[in-house]
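Summary of the model geometry
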Amino acid sequence: METSAMTFKLPPLFSLGFFKLYFRGIGQVMFQGNVWTGLFFLAGIFYGAYTSGMPAVAWGAVVGTLMSTLTGYLLNYPAEKGLKGLWGFNGILVGCALPTFLGNVPLMWLAVVVFSSMTTWVMVGLNHLLAPYKVSSFTFPFVLTTWFILLAARTMHGLPDAGLGTPELPGHFSIVIATDPQSLAIYWLAGISQVFLLNSWLTGLLFLIGLLISNRWAAIWAAIGSALALGIAILYQCNGSDIANGLFGFSPVLTAIALGTTFYRVNWRTALWTIVGIFATVFIQAGMDTFFAPVGIPTLTGPFCIATWLFLWPHLKLDKKILQQG
Amino acid sequence: METSAMTFKLPPLFSLGFFKLYFRGIGQVMFQGNVWTGLFFLAGIFYGAYTSGMPAVAWGAVVGTLMSTLTGYLLNYPAEKGLKGLWGFNGILVGCALPTFLGNVPLMWLAVVVFSSMTTWVMVGLNHLLAPYKVSSFTFPFVLTTWFILLAARTMHGLPDAGLGTPELPGHFSIVIATDPQSLAIYWLAGISQVFLLNSWLTGLLFLIGLLISNRWAAIWAAIGSALALGIAILYQCNGSDIANGLFGFSPVLTAIALGTTFYRVNWRTALWTIVGIFATVFIQAGMDTFFAPVGIPTLTGPFCIATWLFLWPHLKLDKKILQQG
Amino acid sequence: METSAMTFKLPPLFSLGFFKLYFRGIGQVMFQGNVWTGLFFLAGIFYGAYTSGMPAVAWGAVVGTLMSTLTGYLLNYPAEKGLKGLWGFNGILVGCALPTFLGNVPLMWLAVVVFSSMTTWVMVGLNHLLAPYKVSSFTFPFVLTTWFILLAARTMHGLPDAGLGTPELPGHFSIVIATDPQSLAIYWLAGISQVFLLNSWLTGLLFLIGLLISNRWAAIWAAIGSALALGIAILYQCNGSDIANGLFGFSPVLTAIALGTTFYRVNWRTALWTIVGIFATVFIQAGMDTFFAPVGIPTLTGPFCIATWLFLWPHLKLDKKILQQG
């Protein structure tokens, strides 16, 4: 796997080529190793973070991508992977998540620096574990690392956990939610923006445009994924404010892109398969919300990882592409 | 593994052969690919469900087996596996579990249809993961899928969770229990009937007869497994009402059949090994009860899966059979 | 892996050679297959257990090591592994843990006997799972088995759980802690003694001497691991009484020995790698403390296992030794 990397060469640090690789890393959060996609994503992040009064999230994204990418250089990982942007997508999510849930203090930034770097070798390790099963670790290096940090913050006064929910036994929630067309459109786009932990319909729109530049079907499936998940969550009467904030959308968006166009060719059979995958992701999302309620941490993109593994491990032959992310 | 399937051919849908395959799928819950065993099991399920006022559980069993079996046809999985009944046993358990724990509403039935089908490809996927270690996924596709749905029901008003316990911090329970011989006999048979989530001594008896038809030792080990687990649970003073309802019995019953006769040849050495396995299963059962208390979901047959894996992974050479379920 | 065992031969039971193998098993808790290290460790355990009024912990250690070692003989596992002491280290930890957390009653001793034996085949099984990834199961057989027993004790009046914390939702703790040099030195050594679940600075000192006899760098890294973890826990303002009791030290001590000298050669690059590993272990420790709060069980050495796997799975080429524990 790593032998063919011989013929690839990393660009010098902070050269133009480096920034291409950097932005491809941002695009890879939604499986698009495309510089322009990454630029639109980062624009969406900055817009969403600043308008919701959380600029630290935007700068966390910048720092997280940088650290995990530099770690790939430092550890001499195969250039081929770096050039595709595979060193950036976990780091940027750590950089978005920690300032979202934790207080903006220097010790939080130390955690961003260390743990966004750490996602790079955790990814390589988890990819070793998953290689025999022909899947990669997706965003799970980010998920696992960030779960530990957020859980740790509950017992560390040095990491203020003001952005996390209160630990509680599950079962108390309200299903009240506005369902006029305009509100539904906002929830739908919020579901897409929440892939980067932001709640902004315009950010969601910028993400869709970014996807469109790289791969028409990725944009279409992202749109379908969020819309369908919204419908299923309303049908099964889930937590209303979670629905409104797009929290039932982000994992199905990723499942939809992964199954609908990244790992299978686009056709009617794979489309049906992807729709079942979106349905399952909503239940796994709701289930993990319950599971983590007593410790009060978010699922992050864990439901996407689990659902997509469950739908890829069977190695269904629906004209499967020979294509791997990791 | 799947190449030898070439020589096998699936019977047409809803032919006599199809129903043989269907009932073998029910028998495979206790490792018996035997039509008559499956018939006795289904009879036991109908008796237990109707006498306890929960007919939906019986019809859930019928639908669940059907959907997961049809999924095997639809996805073109190897006929050899289907003919052995390996497409039915996870589906029937989903079909029994959801109406047991959730309200009898159309959205629950939609979940039965989708998720009993899903167990078939989750089984194929998990079997891929476990193949290098020479074990199969047992009932874990049912367990994993149903955990997600039951957890999800906690945050979905569309899935009434009246049949689930209240989420609570662990440690509060009463050990009061009647221990006259008649009560003990009822608990013992209830432990066997709970394999299909039913609490009925006559159902337990029908299950034993079903086992006896297929494999004398399977019946003997099921009987020993439930009895021994009952004794250990009383000795260690576990929750009295759980003992009385047979909730310490069903996982040890499955461990006993698996270790005592399915994966090892019957002899004194494997019998000792099986008894230690039953002992461990009771502790794993009690431990998982505690672990899930704060989210208020049942362990399902998870303790059986974990215990049996822990006792098969070491590849002990106790005259091991070359026999695989999956 | 097991073919080369042909040329090795186990000493007769209770011969001098047997006791060498026995004490090597104790030393292997910190990766040292050295008789004298084992003797110093056991001396430290007896001193710590008796001075803190818990003699059952010391005798549990004796019994646990014996049972898991005898199980290796009984199951005919490769002599090569036994001679290195690989059958003792999980058993001794079960023997220390159960009397620490549970009441000193006969049913507890039955659990010590059965489950310390069980760690031997659980280790073999988990090593099969992990072999393709070139790591071993470390102390995880002890961790997994003991988690199940301690969780079970919460619902078994036959296993008094007085030594366990109260189950509670996480987030309530005090960071008050004395930080004069003498107190810090005591916490530092307590962190080392807690590897065997004891809280005694003199025991920590005996453990360091035991390490020094076998491998100078193991002692140095154990000392650094506990000191650095202490500093990080204070910096991030963790639970003060946990810090004072050495509960942030024991897992980083093991991570430090594993990464700093056991699985990598000692040099500046691996030293930096180990320091990052210690940092991560403190967060994983704090995170797992939170995760288990609602069920009120300790993490045991789980954080060490997880952290060390995450730092070994990437197969970094920092002049890696070809050396395996399992």
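Residues numbered from 1 in each chain as written. Chains lettered and ligands numbered in written order. Predicted model: local features only at pLDDT ≥ 70, side-chain atom pairs only at ≥ 80, totals over all residues. Heavy atoms only, no water.

**Brief notes about the overall build of chain A**
Along chain A, the regular secondary structure elements total 14 helices and 0 strands. Ordered by position from N to C terminus, the α and β elements of chain A give α-α-α-α-α-α-α-α-α-α-α-α-α-α. In chain A, 75% of the contacts between residues at least 6 apart in sequence involve partners at least 24 apart. For chain A, the exposed area adds up to about 11200 Å²; of that, 69% sits on carbon and sulfur atoms. A distance of 19 Å separates the average location of the 13 positive side-chain charges in chain A from that of its 8 negative side-chain charges. (Helix = DSSP H or I, 4+ residues; strand = E, 2+ residues; numbered from the N terminus. Contact = heavy atoms within 4.5 Å. Areas by Shrake-Rupley, 256 points an atom, 1.4 Å probe, with all protein chains shown as cover. Lys, Arg positive; Asp, Glu negative; His and termini not counted. Charge placed at Lys NZ, Arg CZ, Asp CG, Glu CD.)

**Describing the relation of the copies chain A and chain C**
In screw terms, the move from chain A to chain C is a rotation of 120 degrees and a rise of 0.0 Å along the axis, fitting with an RMSD of 0.0 Å. Taken together, the rotation angle and the small translation identify this as a three-fold axis. Proximity to the rotation axis, assessed at the C-alpha, singles out Pro294 of chain A in chain A; its C-alpha lies 3.9 Å from the axis. Take the interface residues of chain A: only 11% of them recur as interface residues in chain C, which is what a contact between different surfaces looks like. (Least-squares fit on C-alpha atoms with pLDDT ≥ 70 in both.)

**Thoughts on the relation of the copies chain A and chain B**
You can overlay chain A on chain B at an RMSD of 0.0 Å; the transform is a turn of 120 degrees with a shift of 0.0 Å along its axis. When the interface residues of chain A are mapped onto chain B, a mere 13% of them again lie at the interface, so each copy presents a different face.

**Some thoughts on the pattern of salt bridges**
Tallied over the entire structure, the rule returns 3 salt bridges over all chains. Of the charged contacts in the structure, one is a salt bridge between Asp161 of chain A and Arg154 of chain A, with a shortest N-O distance of 2.9 Å. (Salt bridge = Lys/Arg side-chain N within 4 Å of Asp/Glu carboxyl O.)

**Regarding the interface of chain A and chain B**
On the side of chain B, 35 residues touch chain A, which itself brings 31 residues to the contact. Taking both sides of the interface into account, the surface hidden between chain A and chain B amounts to around 2900 Å²; carbon and sulfur atoms contribute 79%. Counting the surface chain A buries against chain B, the share from its top three residues, Tyr133, Tyr236 and Phe283 of chain A, is 22%. Our count for the chain A to chain B interface comes out at 0 salt bridges. The interface formed by chain A and chain B holds 8 residue pairs in polar contact (both at pLDDT 80 or more) in total. Counting residues per element, the ones that place at least two in the side of chain A that touches chain B are α13 (268-292) and α14 (302-312) of chain A. Broken down by element, the residue count for the side of chain A that touches chain B peaks at 12 residues, all from α13 of chain A. A class-by-class count of the residues in the side of chain A that touches chain B yields 25 nonpolar, 6 polar and no charged. (Buried area = accessible area lost by both parts, 1.4 Å probe. Polar contact = N/O pair within 3.5 Å; in protein donor to acceptor, adjacent residues only side chain to side chain. Nonpolar A, V, L, I, M, F, W, Y, C, P; charged D, E, K, R; others polar.)

**A short note on the interface of chain A and chain C**
Contacts between the two partners involve 35 residues from chain A, matched on the other side by 31 residues from chain C. Buried surface at the junction of chain A and chain C, summed over both partners, amounts to about 3000 Å²; 79% is from carbon and sulfur atoms. Taken together, the connections running from chain A to chain C amount to 0 salt bridges. In this structure, the connection of chain A to chain C is made through 7 residue pairs in polar contact (both at pLDDT 80 or more). Sort the elements by how many residues they give to the side of chain A that touches chain C and helix α6 (residues 106-130) of chain A lands first, with 13 residues. For the side of chain A that touches chain C, the residue count by class is 28 nonpolar, 5 polar and 2 charged.

**Quick notes on the packing of aromatic side chains**
Aromatic ring pairs: the centre-centre distance and the angle between the two ring planes describe each pair. Residue and element names in this part refer to chain C. Within this structure, the stated rule accounts for 96 aromatic pairs over all chains. With centroids separated by 5.6 Å and ring planes inclined at 85 degrees, the aromatic side chains of Phe31 and Phe263 adopt a geometry described as edge-to-face. Of this pair, Phe31 sits in the loop between α1 (16-27) and α2 (35-51) while Phe263 sits in the loop between α12 (250-262) and α13 (268-292), placing them 232 residues apart in sequence. Judged on exposure class, the residue Phe31 and its partner Phe263 are both buried. (Phe/Tyr/Trp six-rings, centres within 6.5 Å; stacked < 30°, edge-to-face > 60°. Buried < 20%, exposed > 50% of the residue type's maximum accessible area, 1.4 Å probe, protein only.)

**Section: unusual backbone geometry**
Of note in the backbone geometry, Phe138 of chain A takes a positive phi value of approximately 50 degrees without being a glycine. Within the secondary structure, Phe138 of chain A sits in the loop between α6 and α7 (140-153). With phi around 70 degrees, Phe31 of chain C is a residue other than glycine that occupies positive phi space.

**Here's the deal with the environment of Ile213 of chain A**
All names here are of chain A. Assignment of secondary structure puts Ile213 in helix α9 (residues 201-214). Remark: the alpha-carbon pair of Ile213 and Trp36, spanning 177 residues in sequence, is separated by 7.2 Å. Setting aside anything within four residues of it in sequence, one finds Ile213 in contact with Asn34, Trp36 and Phe40.

**Description of α6 of chain A**
Residues and elements named next belong to chain A. In this model α6 runs 35 Å from its N-terminal to its C-terminal C-alpha over 25 residues, within 8% of the 36 Å that 1.5 Å per residue would give. Approximately 25 degrees is the largest bend angle found in α6, and it occurs at Thr120. Burial runs high along α6: 20 of the 25 residues are buried. (Expected span 1.5 Å × (residues − 1). Bend = angle between axes of the 7 residues up to and from the residue.)

**Brief notes about the environment of Ser136 of chain A**
Inspection of the secondary structure puts Ser136 of chain A in the loop between α6 and α7. Distance in space between the C-alpha atoms of Ser136 of chain A and Thr262 of chain A is 12 Å, their sequence separation being 126 residues.

**Quick word on a nonpolar patch on the surface**
All names here are of chain A. On the surface, Trp36, Leu39, Ile186, Trp201, Leu205, Ile209 and Ile213 cluster together into a nonpolar patch covering about 630 Å² of accessible area. Those elements that place two or more of their residues in the nonpolar patch are α2 (35-51) and α9. With 4 residues, the top contributor of residues to the nonpolar patch is α9. Mapped onto the fold, Leu205 is located in helix α9. Since its relative accessible area comes to 34%, Leu205 is described here as partly exposed. (Patch = residues over 30% accessible without salt bridge, like charges linked within 9 Å, V, L, I, M, F, W, Y side chains within 5 Å.)

**Looking at the packing of α7 of chain A against α13 of chain C**
At a minimum axis distance of 7 Å, the contact between α7 of chain A and α13 of chain C shows a crossing angle of 70 degrees. Regarding the angle of α7 of chain A to α13 of chain C, the classification is roughly perpendicular. Crossing hand, α7 of chain A versus α13 of chain C: left-handed. In this structure, α7 of chain A contributes Phe148, Ile149, Leu151 and Ala152 of chain A to the contact, and α13 of chain C contributes Phe283, Ile284, Ala286, Gly287, Met288, Thr290 and Phe291 of chain C. Each residue belonging to the contact of α7 of chain A with α13 of chain C can be placed in one class, and the counts come to 9 nonpolar, 2 polar and no charged. (Axes fitted to C-alpha atoms, helices over the stretch in contact; angles between N-to-C directions. Parallel < 35°, antiparallel > 145°, perpendicular 65-115°, else oblique. Left-handed = near helix turned anticlockwise from the far one by under 90°.)

**A few points about the confidence of the model for chain A**
Residues and elements named next belong to chain A. Model confidence for chain A is summarised by a mean pLDDT of 94, while 96% of its residues fall at 70 or above. Within the model, pLDDT remains below 50 along residues 1-5, and this stretch shows 10 contacts once partners closer than five positions in the same chain are excluded. Across the assembled chains, the prediction reports ipTM 0.94 with pTM 0.95. (pLDDT = per-residue confidence, 0-100.)

**What to know about the packing of α9 of chain A against helix α10 (residues 216-235) of chain A**
Residues and elements named next belong to chain A. Where α9 meets α10, the closest approach of the two axes is 5 Å, and the angle between their N-to-C directions is 145 degrees. Contacts between α9 and α10 involve Leu208, Leu211, Leu212 and Ser214 on the former and, on the latter, Arg216, Ala218, Ala219, Ala222 and Ala223. Residue composition of the contact of α9 with α10, by class: 7 nonpolar, 1 polar and 1 charged.

**Some details on the side chain of Ser137 of chain B**
Residues and elements named next belong to chain B. Inspection of the secondary structure puts Ser137 in the loop between α6 (106-130) and α7 (140-153). The buried category is assigned to Ser137, whose relative accessible area is 1%. Once you skip the residues sitting within four places of it in the chain, Ser137 turns out to touch Met123, Leu126, Asn127, Leu130, Cys305 and Trp309.

**Considering helix α5 (residues 89-101) of chain A**
In this model α5 of chain A runs 19 Å from its N-terminal to its C-terminal C-alpha over 13 residues, within 8% of the 18 Å that 1.5 Å per residue would give. Counting buried residues in α5 of chain A gives 13 out of 13 residues, a clear majority hidden from the surface.

**Structural notes on the side chain of Ser117 of chain C**
All names here are of chain C. Tracing the sequence through the fold places Ser117 in helix α6 (residues 106-130). With relative accessibility at 8%, the residue Ser117 sits in the buried group. Only 2.7 Å separates the side chain of Ser117 from the backbone oxygen of Val113, close enough to count as a polar contact.

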